[in-house]
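What follows is each chain in one-letter form.
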Amino acid sequence: VFVFCFFFVSIFFRKFFFDFFFAMAIRAPVGRLELLSWVNAAQDTDYHRIEHLCDGVAYCQTFDAVHPRKATWDEQFNTTCSEIKRIYEDSIEPVEKRYQYELFKPTYFSDTLKPNKPLVLFLGPFSAGKSTFINYLLGHDCLWTGPQPTTDKFTIIMHGTEESKISGRILTSNPELPFRRLAEFGNQFLETLEGIQVPADFLKNISLIDTPGVLESAREVHSRAYDYMKVTRWFIERADLVLVLFDLSKLDAGMELRSMFQQFKGHESKLRMVLNKADQCAPQELMRVYGPLFWNLSTLISTTGPRRACVSSFWNKPYRGDHNKELFDEEKADLMYDLLEVVPLQCLDKRVTAVMQRALDVQIHDTVPTPVPSHTALY
């Protein structure tokens, strides 16, 4: 009996102390540095401050690390867009119809709810390498390029089963695409709008927009048959990322380039500047070009700090010379990470934010006219 009681008591206390210390270890507070190091180790990231984990990109990366996704990105994207659309149709749209919000503020908000791919807009002077950059992303020469100005249209490059062209009028009349409001810029603009479907893997998660080069002289600016600045502003508002490319030999800020940067007001976070054709300069010459570029653009961008510029050479050929190869490769890797990872996740964040802002606007519209009928008898 004594041996049995001793054995039973030893097992009881052993289990008690094990559970106690195990629970204390679990309940021990986790510091900010420990949490940050765990996130960086789990996701192979390089976050330096805990505040950087507050955006939607870090949240989705952490969620995928804890719960590895089994579905493809297209399935996740379509599922999220469908859920956002359901919330809008069940909770917000009935209030809009009741108080006739569309008559007060006509919009094509339904285009925001469609599962359209993120848009990346390319801007910059003539012959800065915009079309060549797009060909580099697609893996083959889809757009015509050359030393002379070759792009005189707004070209929307989308994914398709086979390569084909779509006219501007068809793009603006297709209710499944978010370009219906472009018809408001007139028939002359529609003549300069076209779409291209390309069976490229890069376009499965993103769509690209090539634009005409920025003009330099005032005479050339007035020769456009449409309002270039209004069209540019329309695309900037709907793009998820805007790449402004510069050529090493064309760093002067003309009148239209200055007007173009004014269209970024309220959308400065989308801007990325790219110093293309950087392999044409020696390292010392490259530093001399980098400084004047920011000096010329410092008065054009309304931000507290200078925007970071990507320095590399984006085309389907080897670099010219052996200098700065590692720098160019690292710059390419950073920009490709933004295109393939950050932009699609931020696209979902933007849709959620748009629905929240829409709900707030409708609520304000609902609150203002509600007390009016009760006071109409006073007049």
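In what follows, the accompanying structure is described. The shown structure was predicted, so the numbers you read here are calculated from the model rather than taken from an experiment.

Now for the overall build of the protein. Helix and strand counts for the protein stand at 14 helices and eight strands. Scored against the burial criterion, the 379 residues of the protein give a buried share of 40%. Across the protein, contacts joining residues at least 24 apart in sequence account for 76% of those joining residues at least 6 apart. Roughly 22,500 Å² of accessible area belongs to the protein as shown, and the carbon and sulfur atoms make up 59% of that amount.

As a further point, take helix 2 (residues 32-43). When the terminal C-alpha atoms of helix 2 are compared, their 17 Å separation across twelve residues agrees well with the 16 Å that a helix rising 1.5 Å per residue should span. The set of residues buried in helix 2 consists of Leu36, Val39, Asn40 and Gln43. Looking down the long axis of helix 2, one finds its buried residues gathered within 95° of arc, a one-sided arrangement. In the segment just after helix 2, Asp44 is the residue with positive phi, at about 60°.

When charged atoms on two side chains of opposite charge get close, those side chains can pair. According to the stated counting rule, one finds 13 salt bridges in the structure shown. One salt bridge in this structure joins Glu83 and Arg86, with 2.5 Å as the shortest N-O distance. Here Glu83 pairs with Arg86, and both are found in helix 4 (residues 73-99), just three residues apart, close to one helical turn. Through salt bridges that share partners, Glu83, Arg86 and Asp90 make up one connected network.

For the rest of this paragraph, the subject is the packing of aromatic side chains. Inspection of every chain in the model, using the stated rule, returns 13 aromatic pairs. The interplanar angle of 15° and the centroid separation of 4.2 Å between the aromatic rings of Phe133 and Phe314 together place this pair among those described as stacked. Separated by 181 residues along the polypeptide, Phe133 in helix 7 (residues 130-138) and Phe314 in the loop between strand 8 (309-311) and helix 14 (325-367) bring together distant segments of the chain. Like Phe133, the residue Phe314 is buried in the burial classification. Taken together, the ring pairs connect Phe154, Phe185, Phe189, Tyr226, Tyr228, Trp234 and Phe235 into an aromatic cluster.

Spatially, 3-4-2-5-1-6-7-8 is the arrangement adopted by the eight strands of the open sheet, whose pairing is mixed. The open sheet has two free edges, formed respectively by strand 3 (164-167) and strand 8, since each of these has just one partner strand. Sheet twist, expressed as the mean angle between neighbouring strand axes with direction ignored, is 25°. Sheet strands touched by helix 7: strand 1 (119-123), strand 2 (154-159), strand 5 (207-210) and strand 6 (241-246). Its angle to strand 5, the strand with the most contacts, is close to 160°.

Reading the values: rules and limits
- Residues numbered from 1 in each chain as written.
- Predicted model: local features only at pLDDT ≥ 70, side-chain atom pairs only at ≥ 80, totals over all residues.
- Heavy atoms only, no water.
- Helix = DSSP H or I, 4+ residues; strand = E, 2+ residues; numbered from the N terminus.
- Buried < 20%, exposed > 50% of the residue type's maximum accessible area, 1.4 Å probe, protein only.
- Contact = heavy atoms within 4.5 Å.
- Areas by Shrake-Rupley, 256 points an atom, 1.4 Å probe, with all protein chains shown as cover.
- Expected span 1.5 Å × (residues − 1).
- Arc of directions from axis to C-beta.
- Salt bridge = Lys/Arg side-chain N within 4 Å of Asp/Glu carboxyl O.
- Phe/Tyr/Trp six-rings, centres within 6.5 Å; stacked < 30°, edge-to-face > 60°.
- Pairing = 2+ DSSP bridges.
- Axes fitted to C-alpha atoms, helices over the stretch in contact; angles between N-to-C directions.

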